[in-house]
Amino acid sequence: MCLELSKQDGRGQRAVRSTAWRVACLLLVACGPAALTAWWHPSAPGWTVAGEAEDVVWFDPSEVPEEVMWLDAREPAAWAAGGLPGALPLSETGWEEDLVAVVSGWEPGRWMVVYCDGAGCEASVRVARRLQAEFGFEEVGVLRGGYAAWLEGRALK
Amino acid sequence: MKWVVTSVLAALMLVAAGSKLPDPAAFAGDIMNFRLVPWWAANVLALWVPWVEVAVAVALLTPGWRKAGAGLTLGLLAGFTLALLTAWGRGLDLECGCFGSQTSTTVGWALVRNTVLLVAAGWLVVRLAKDGREGPGETRGLFSR
């Protein structure tokens, strides 16, 4: 009986080991297409820290002046899921439609602060540059750390 | 019954992956809303998790790989549910992002749904383990009996 039980135990252990290997294999296999997605997908998240750009003004979440005009440079789906209170959407894909509300809502002397997902995205920098280049807005800044940093700041408060 | 649960879980995994794959950046944003991981980890997860879901769905439908598929389904669901529970515990008001950013699901509803799915996946894991009929060398098809 003991021999039978030990045989069953051995079979059970082999089965568990085999399943564990297959699980590891599945997790590993998923890395391939994930890497391709990162490389080729037009909506892949950014990887470089955008804080290096020197041609835009950077604001830490705690240093943003009051009464700024928040501009959300994230894609419409992310904006629809939630953004900073009072912010206006201004994504690169919805540029034409979003711009009307931004331009009409702007007042001289009021800073525009653009943000995107987090420290890894660059959409906010591109949008800020575009506002400067195409419309000559000078008081345009970018939120360092993006929406994620703002959320963290709010959580700390 | 086993085949029904397997098929439903595989279909759900495919739908979940299909809803996230078109916009990984938005899914990364959804993950960041949970405030559990730094931005770079959210980016990695946003790229990787949908493909894990695809792999799991394929495994669930492939003879010899069902145990691994069921185990991984259970693990994924447990991970998602844990994240939702922590969000709920911290009073975060967010969309779960479980089926991409386009769908709107509150944390409460997602928790109820995930509990049902967890029970189903747990049952499947136990059933497949008890069965012992589906070993590594098994070649029977999903609907062969």
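What you see is a predicted model; the values in this text were computed from it and never measured.

For the overall build of chain B, give the residues involved together with the corresponding values.
A count of helices and strands for chain B gives five helices and zero strands. Each helix and strand of chain B, ordered N terminal to C terminal, gives the series α-α-α-α-α. Counting every atom, chain B has about 6500 Å² of accessible surface; 71% of that belongs to carbon and sulfur.

So what about the overall build of chain A? Which residues, and what values?
Per the secondary structure count, chain A includes six helices and five strands. Scored against the burial criterion, the 157 residues of chain A give a buried share of 39%. Pairs at least 24 apart in sequence give 67% of the contacts found in chain A among residues at least 6 apart. Surface exposure of chain A reaches about 9100 Å², of which carbon and sulfur atoms provide 59%.

Just give me the short version of the packing of helix α2 (residues 24–33) of chain B against helix α3 (residues 39–60) of chain B, but keep the residues and values in it.
Relative orientation and spacing of two packed helices are given, respectively, by the angle between their axes and the distance between those axes. Residues and elements named next belong to chain B. Where α2 meets α3, the axes come as close as 8 Å, and the angle between the chain directions of the two elements is 125 degrees. As judged from the angle between their axes, α2 and α3 are oblique. Crossing handedness for the pair α2 and α3: right-handed. Counted together, Pro24, Phe27, Ala28, Ile31 and Met32 of α2 and Trp39, Ala42, Asn43, Leu45, Ala46, Leu47, Val49 and Pro50 of α3 form the full contact between these two elements. When the residues that make up the contact of α2 with α3 are grouped by side-chain class, the tally is 12 nonpolar, one polar and no charged.

Provide a residue-level description of the layout of surface pockets, including the pertinent values.
All names here are of chain B. The calculated volume of the largest pocket comes to roughly 550 Å³. Lining the largest pocket are 30 residues, with Phe27, Val49, Gly79, Phe80 and Ala83 positioned closest to its centre. The greatest single-element share of the lining of the largest pocket, amounting to six residues, is contributed by helix α4 (residues 66–89). For the lining of the largest pocket, the per-class residue count stands at 23 nonpolar, three polar and four charged.

Just give me the short version of the interface of chain A and chain B, but keep the residues and values in it.
Taken together, the contacts link 33 residues of chain A with 32 residues of chain B. Regarding the contact of chain A and chain B, the summed buried area is about 2800 Å², with carbon and sulfur atoms giving 72% of it. At the surface where chain A touches chain B, the tally comes to five residue pairs in polar contact (both at pLDDT 80 or more). Sort the elements by how many residues they give to the side of chain A that touches chain B and helix α1 (residues 2–29) of chain A lands first, with eight residues.

Describe the packing of helix α2 (residues 31–40) of chain A against α3 of chain B, naming the residues involved and giving the relevant values.
Closest axis-to-axis distance for the α2 of chain A/α3 of chain B pair is 8 Å, and the angle between their directions is 135 degrees. Between α2 of chain A and α3 of chain B, the interaxial angle falls into the category oblique. Of the two elements, α2 of chain A crosses α3 of chain B, and the hand of that crossing is right-handed. Across the interface between the two elements, Cys31, Pro33, Ala34, Thr37 and Ala38 of chain A of α2 of chain A pack against Leu47, Trp48 and Trp51 of chain B of α3 of chain B.

Give a description of the pairing of strand β2 (residues 69–72) of chain A that names residues and reports values.
All names here are of chain A. Alternating positions in β2 separate into two faces, Met69 and Leu71 on one and Trp70 and Asp72 on the other, with burial throughout. Note: β2 against strand β4 (residues 112–115), four bridges, orientation parallel. Following the sheet pairing, leucine 71 is matched in β4 by valine 114. Pairing between β2 and strand β3 (residues 88–89): two bridges, direction parallel. Bridge pairing links aspartate 72 to proline 89 in β3.

Quick rundown of the pairing of strand β5 (residues 140–143) of chain A? Include the residues and the values.
Residue and element names in this part refer to chain A. Of the two faces of β5, the one holding Val140 and Val142 and the one holding Gly141 and Leu143 are both buried throughout. In this sheet, β5 lies alongside strand β1 (residues 57–59) in parallel orientation, the contact comprising three bridges. Paired with valine 57 across the strands is glycine 141, a residue of β5. The pairing of β4 with β5 spans three bridges and is classified as parallel. Of the residues in β5, the one forming a bridge with methionine 112 is valine 140.

Give me the lowdown on the packing of aromatic side chains, citing residues and values where you can.
Here a ring pair, both rings aromatic, is described through the centre-centre distance and the interplanar angle of the planes. Residue and element names in this part refer to chain A. Within this structure, the stated rule accounts for six aromatic pairs over all chains. If you follow arginine 74 out to its NZ or CZ, it ends over the ring of tyrosine 147, 4.3 Å from the centre. The ring of tryptophan 95 is capped by arginine 130, whose NZ or CZ atom sits 4.1 Å from the centre of that ring.

So what's going on with a nonpolar patch on the surface? Which residues, and what values?
Taken together, the side chains of Leu36, Trp39 and Trp40 of chain A make up a nonpolar region of the molecular surface, amounting to roughly 470 Å² of accessible area. A relative accessible area of 62% places tryptophan 40 of chain A in the exposed class.

About the thresholds
- Residues numbered from 1 in each chain as written.
- Chains lettered and ligands numbered in written order.
- Predicted model: local features only at pLDDT ≥ 70, side-chain atom pairs only at ≥ 80, totals over all residues.
- Heavy atoms only, no water.
- Helix = DSSP H or I, 4+ residues; strand = E, 2+ residues; numbered from the N terminus.
- Areas by Shrake-Rupley, 256 points an atom, 1.4 Å probe, with all protein chains shown as cover.
- Buried < 20%, exposed > 50% of the residue type's maximum accessible area, 1.4 Å probe, protein only.
- Contact = heavy atoms within 4.5 Å.
- Axes fitted to C-alpha atoms, helices over the stretch in contact; angles between N-to-C directions.
- Parallel < 35°, antiparallel > 145°, perpendicular 65-115°, else oblique.
- Left-handed = near helix turned anticlockwise from the far one by under 90°.
- Nonpolar A, V, L, I, M, F, W, Y, C, P; charged D, E, K, R; others polar.
- 1 Å grid on protein atoms, 1.4 Å probe; cavity = no way out; pocket = protein on both sides within 12 Å on 5 of 7 lines; lining within 4 Å.
- Points joined across faces, edges and corners; volume = space filled by probe spheres on them.
- Buried area = accessible area lost by both parts, 1.4 Å probe.
- Polar contact = N/O pair within 3.5 Å; in protein donor to acceptor, adjacent residues only side chain to side chain.
- Pairing = 2+ DSSP bridges.
- Phe/Tyr/Trp six-rings, centres within 6.5 Å; stacked < 30°, edge-to-face > 60°.
- Lys NZ or Arg CZ within 6 Å of the ring centre and 35° of its normal.
- Patch = residues over 30% accessible without salt bridge, like charges linked within 9 Å, V, L, I, M, F, W, Y side chains within 5 Å.
- Salt bridge = Lys/Arg side-chain N within 4 Å of Asp/Glu carboxyl O.

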